[in-house]
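Chain and residue survey
Here is what each chain is made of, one letter per residue.
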Amino acid sequence: MPARWGTIVGVALVGLGCARPGDIAFTMHVINAESRFEGAAAVDVNNDGRLDIHCGGFWYEGPSWTKHFVRDVQEISNYYLDFCSLPVDVDGDGWMDTVTCTWHDKSLYWVRNPGPAGGPFETIKIDEPGNMETAILEDFDGDGRPDVLPNVVHGTPAWYSFHRDTTGTHGVRWDRHLLPAGLEGEGVGAGDINGDGRCDVVGCKGWAEAGANPSDVDAWLWHAEFDLIGPSIPILVHDVDSDGDMDLIWGIGHNYGLYWLEQGRNAVGVRVWSRHEIDVTWSQAHVVLLGDLNGDGRKELVTGKRYYAHNGGDPGANEPRCLYAYTFDSTSRAWNRHTIQEGGPAGIGLSAELVDIDGDGDLDFIAPGKSGLYLFENHLRP
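Residues numbered from 1 in each chain as written. Predicted model: local features only at pLDDT ≥ 70, side-chain atom pairs only at ≥ 80, totals over all residues. Heavy atoms only, no water.

**A look at the sheet that holds strand β5 (residues 58–61)**
Stated precisely, the cut-off is as follows: One bridge is not enough; two strands pair if DSSP finds at least two bridges between them. A run of DSSP states H or I qualifies as a helix once it reaches four residues; a run of E qualifies as a strand once it reaches two. Both are numbered from the N-terminal end. To define axes, lines are fitted to C-alpha atoms, for helices over the stretch in contact only, and angles between the resulting N-to-C directions are given on a 0 to 180 degree scale.
An order of β3-β4-β5-β6 is seen for the four strands of this open sheet, with the pairing classed as antiparallel. On the outer flanks of this sheet lie β3 (40–43) and β6 (66–69), each paired with one strand and no other. On average, each strand axis in the sheet is tilted by 25 degrees relative to the strand beside it, whichever way the strands run. Relative to β5, strand β4 (residues 52–55) is paired through three bridges, and the arrangement is antiparallel. Considered in β5, the bridge of histidine 54 is made with tryptophan 59.

Have a look at this one:
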C-alpha cells in the first residue's frame, strides 16, 4: 500500500487477474465500514490540492482518510436523505460545494462548503421537483458550468442551472428548465443520441431530443422508442459496438438484469433499437459506470449490487454482494465479466464514482452504500 495513503484498516487484494500485463488489480480500502450513506464523490474539500471523499454527513481527508463532520442528515426508514454527492463550486468562492437530492422530501439541495471559516456546512434548498432517486451533472447550455439533472420518478422532470445573482442566497440563483413529461420515472441519462452535437436526455420510456435552446421545453422532441423497465442511474449513452452511433447501457435497479440497447436503422431509415443481454445472474444494478481501467484505450463497464435497495424487498436482495467489470468483445459481440469482488462487504448505493483519486494516472473506484464506504485502489500504475 502506498505510503501516501497512510494506515488503512481492512485491505485486500482483489481484481481481474494480477499476472498478465494490462490486467487490473485493486486494493480494497475500508474507509468507514459503519457508513450507510448511499452517495459519495471525490472532492478536494479543504483546498489542499488532494482529493478527499465526501459521503453524506462526513468528509474523509485524503490521503489518511481522517473523518470530518459535514452536517446532520435525517434518516427515514433506513434511508439517509442524501441520495448523491455532486461536486460543484456553486457560489464561485473557490471552495467545492456539493449538490444532493432526496426521495422522501422531494427536494434538491446544495451543500455549501464554509471554506476557511470552518464549521458545519450549510444546506440550501434549490427546488422541490418530486421524488428523486439521485442526480447527475451535465452541461446542457454550454456555459462551461455543470448543470444538475435529477432523476424525477414522481414529479416534474427538469434540469437546473445556476448563476451569480446578488439577490440569491450566497449570491447564487438557480433556474429550473422543464423537460418533456415522458422523462418522469425511474432512470435517467444524458448524451448525444442522434449525433447532432447536442446533449439529449434518456429516460425509461424513451429519449428527449434537445433543440437549439435547451432552456425552452418546447424545443425538446420526445421519442417514445423503448421501455427499459426500471433502469439504473445513469443510463449510459455509449457507442458499444464502435459503429458510429450511440447505444445505451443500463441495469435493472430493483430486479435482475444488465443490458445494452443497440441503435440501428431499418430498411427505410427509421431508427430502431435492439436489446441485448449482458448479465442476468445477479440483481440490483442500480449504478453503472464507464472508464478505461486497464489503459488499453477502451472503456470498461463497472457496476455492482446495490445493497438493500428496498431494505431486502427486491429479488435477490439477500444474495452475496458483488462488484464486476465487463469488457465488450467486438468480434463475438459478447461481454466478458471480470470479478472485482464477490461475497465481500462492499456494495454500491445510489451514486458511485470512477476517479483517479491518488493521482497516479489510473482510475480508482469509490463505492458507498448501506454496507459501508469503500475505496478500490487500481494498481495499473506502479
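**As for the pattern of salt bridges**
Note the cut-off: Salt bridge, as used here: a side-chain nitrogen of Lys or Arg that lies within 4 Å of a carboxyl oxygen of Asp or Glu. Buried means the residue's accessible area, taken with a 1.4 Å probe over protein chains only, is under 20% of the maximum for its type, while exposed means over 50%, and partly exposed covers the values in between.
Following the criterion strictly, the structure yields 19 salt bridges and no others. Across the pair arginine 198 and aspartate 196 runs a salt bridge, and its minimum N-O distance is 4.0 Å. Using a relative accessible area of 36% as the deciding quantity, one classes arginine 198 as partly exposed. The class of aspartate 196 is partly exposed, set by a relative accessible area of 33%.

**Some remarks on the pairing of strand β27 (residues 322–329)**
Most of β27 sits out of view: seven of its eight residues are buried. Bridge analysis of strand β26 (residues 300–304) against β27 gives four bridges, and the strand direction is antiparallel. Across the sheet, residue valine 302 finds its bridge partner in β27, namely alanine 325. Here β27 runs beside strand β28 (residues 334–342); their pairing, made up of eight bridges, is antiparallel. Looking at the pairing, aspartate 329 lines up with alanine 334 of β28. Linking β27 to β28, which pair antiparallel, is a turn of four residues; within it arginine 333 sits at a positive phi near 60 degrees.

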